[in-house]
Amino acid sequence: MDKQNIIDQCNTISRNTLMETLDIEYVDVTEDTLTARMPVTHKVYQPDGVLHGGASVALAESVGSAASFLFLDTEKYTIRGLEISANHTRSIKEGYVYATASFIHKGRTTQLWQIRITDDQDRLISLCKLTTIALLKQ
């Protein structure tokens, strides 16, 4: 599949899910990465009007899991998240955040992802690590 078809497929399967609720949109894919963006609006604020860390983690897990789906043989395997951690380095009140997932380890069973969340000026907002598992379909 070409780049635009992959992006379109990721956006299509996100309909009627948390990703749609948070307005997460997949915007880029390379041989090694998948990138999505999310608008920073009142829908993802914590009470004091900045991006909620939980929304950042939801974005990170969404893009990391989607990347596992793209880069592994999903005819044979189903993907599940095992663990996620996040370090939040900067707050943001408006604009977009961009999450780019890249492999740290691509094992046959477990995969380790780094997800960098940045703002419109490419400043680091959060750095996340996601472990996924590929389970053989029954």
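Since we're looking at a predicted model, the values are computed, not measured.

A. Looking closely at the side chain of S68. Tracing the backbone through its elements, the reader meets S68 in helix 3 (residues 53-71). A polar atom in the side chain of S68 sits 3.0 Å from the side chain of T132. Residues in contact with S68, not counting those within four places in the same chain, are I79, Q111, W113 and T132.

B. The arrangement of the pattern of salt bridges in detail. Enumeration according to the criterion identifies four salt bridges in this entry. The salt bridge partner of E25 is R37, with a shortest N-O separation of 3.1 Å. Placement of E25 in strand 1 (residues 25-29) and of R37 in strand 2 (residues 33-39) is noted, with a sequence separation of 12 residues between them. The exposure class of E25 is partly exposed, given its relative accessible area of 34%. Note on R37: relative accessible area 23%, which makes it partly exposed. We note a salt bridge from R123 to D119, for which the minimum N-O separation is 2.7 Å. Overall, D119 belongs to the buried group, its relative accessible area being 4%.

The rules behind each value
Residues numbered from 1 in each chain as written. Predicted model: local features only at pLDDT ≥ 70, side-chain atom pairs only at ≥ 80, totals over all residues. Heavy atoms only, no water. Helix = DSSP H or I, 4+ residues; strand = E, 2+ residues; numbered from the N terminus. Polar contact = N/O pair within 3.5 Å; in protein donor to acceptor, adjacent residues only side chain to side chain. Contact = heavy atoms within 4.5 Å. Salt bridge = Lys/Arg side-chain N within 4 Å of Asp/Glu carboxyl O. Buried < 20%, exposed > 50% of the residue type's maximum accessible area, 1.4 Å probe, protein only.

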